Amino acid sequence: MARSQRNTAPLRHPDVAELDLLDILHALSDRTRMAIVQRLWEEPERVCGTFPVDVAPSTLSHHFRVLREAGLILQRDEGIRRWSSLRHHDLEARFPGLVGHIVDTFKHQ
């Protein structure tokens, strides 16, 4: 079945009050996921297949799911493309400065 014809369930994004520090730290403990978050820190929104990571598409989908379920990213479908963006405002409201500090530290490693 073509990608544009498949039925997909709506993507679940946790509410701000549901964001959990341990879930966020777990999601950020992987280098591929950190590379995704770092890119989204620099760019407001990006198509999922255009991130500078070297993993199989199924593995990349897994990383996006972990980030989305932890509450770090929002994803939306537009046609056959899935767009991702960082939840800057929600993360700042729940954990002020946390993600920015982690991204900055990762960038300087």
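Residues numbered from 1 in each chain as written. Predicted model: local features only at pLDDT ≥ 70, side-chain atom pairs only at ≥ 80, totals over all residues. Heavy atoms only, no water.

## Describing the packing of aromatic side chains
Phase 1 of the analysis: Applying the stated criterion across every chain yields a total of 1 aromatic pair.
Phase 2 of the analysis: Considering the side-chain rings of Phe51 and Phe64, the 5.4 Å spacing of their centres and the 65° angle between planes classify their relative orientation as edge-to-face. Residue Phe51 is found in the loop between β1 (46-47) and α3 (57-70), and its partner Phe64 is found in helix α3; the two are separated by 13 residues along the sequence. Here the two residues Phe51 and Phe64 agree in accessibility, since each one is buried.
Phase 3 of the analysis: Here the guanidinium or amino end of Arg46 rests over the ring plane of Phe51, the centre of that ring lying 5.4 Å away. (Phe/Tyr/Trp six-rings, centres within 6.5 Å; stacked < 30°, edge-to-face > 60°. Helix = DSSP H or I, 4+ residues; strand = E, 2+ residues; numbered from the N terminus. Buried < 20%, exposed > 50% of the residue type's maximum accessible area, 1.4 Å probe, protein only. Lys NZ or Arg CZ within 6 Å of the ring centre and 35° of its normal.)

## Remarks on the pattern of salt bridges
Phase 1 of the analysis: A full pass over the atoms with the stated rule returns 8 salt bridges.
Phase 2 of the analysis: Here Glu43 ties to Arg46 by a salt bridge, and the two come within 2.8 Å at their closest N and O atoms.
Phase 3 of the analysis: We note a salt bridge from Glu45 to Arg76, for which the minimum N-O separation is 2.8 Å. Here the residue Glu45 occupies a position in the loop between α2 (31-42) and β1, and Arg76 occupies one in strand β2 (residues 73-78), the gap between them amounting to 31 residues.
Phase 4 of the analysis: With a relative accessible area of 33%, Arg76 lands in the partly exposed category.
Phase 5 of the analysis: Three or more residues joined by partner-sharing salt bridges are found here, namely Arg39, Glu43 and Arg46. (Salt bridge = Lys/Arg side-chain N within 4 Å of Asp/Glu carboxyl O.)

## Focus: α2
Phase 1 of the analysis: With 12 residues, α2 extends 17 Å between its outermost C-alpha atoms, agreeing within 8% with the 16 Å of an ideal straight helix rising 1.5 Å per residue.
Phase 2 of the analysis: Residues Thr32, Arg33, Met34, Ile36, Val37, Gln38 and Leu40 constitute the buried set of α2.
Phase 3 of the analysis: For α2, the N-terminal cap is Asp30; the gap from its side-chain oxygen to the backbone nitrogen of Thr32 is 2.9 Å. (Expected span 1.5 Å × (residues − 1). Polar contact = N/O pair within 3.5 Å; in protein donor to acceptor, adjacent residues only side chain to side chain.)

## Describing the packing of α2 against α3
Phase 1 of the analysis: Viewed as axis vectors pointing N to C, α2 and α3 meet at an angle of 70°, and their least axial separation amounts to 10 Å. The angle between α2 and α3 falls in the class roughly perpendicular. Like other packed secondary-structure pairs, α2 and α3 cross with a definite hand, here right-handed. Counting all contacts with α2, which are made through Thr32, Arg33, Ile36 and Val37, the residues of α3 involved are Leu60, His62, His63, Phe64, Val66 and Leu67.
Phase 2 of the analysis: Among the residues forming the contact of α2 with α3, the class breakdown is 6 nonpolar, 3 polar and 1 charged. (Axes fitted to C-alpha atoms, helices over the stretch in contact; angles between N-to-C directions. Parallel < 35°, antiparallel > 145°, perpendicular 65-115°, else oblique. Left-handed = near helix turned anticlockwise from the far one by under 90°. Contact = heavy atoms within 4.5 Å. Nonpolar A, V, L, I, M, F, W, Y, C, P; charged D, E, K, R; others polar.)

## Structural notes on the confidence of the model for the chain
Phase 1 of the analysis: With 93% of its residues at a pLDDT of at least 70, the chain reaches an overall mean of 92.
Phase 2 of the analysis: Confidence, expressed as mean pLDDT per element, reaches its minimum in the chain at helix α5 (residues 98-107) with 94 and its maximum at helix α1 (residues 21-27) with 98.
Phase 3 of the analysis: Every residue in residues 1-6 scores below 50 in pLDDT, and together they form 5 contacts with partners more than four places removed in sequence or on other chains. (pLDDT = per-residue confidence, 0-100.)

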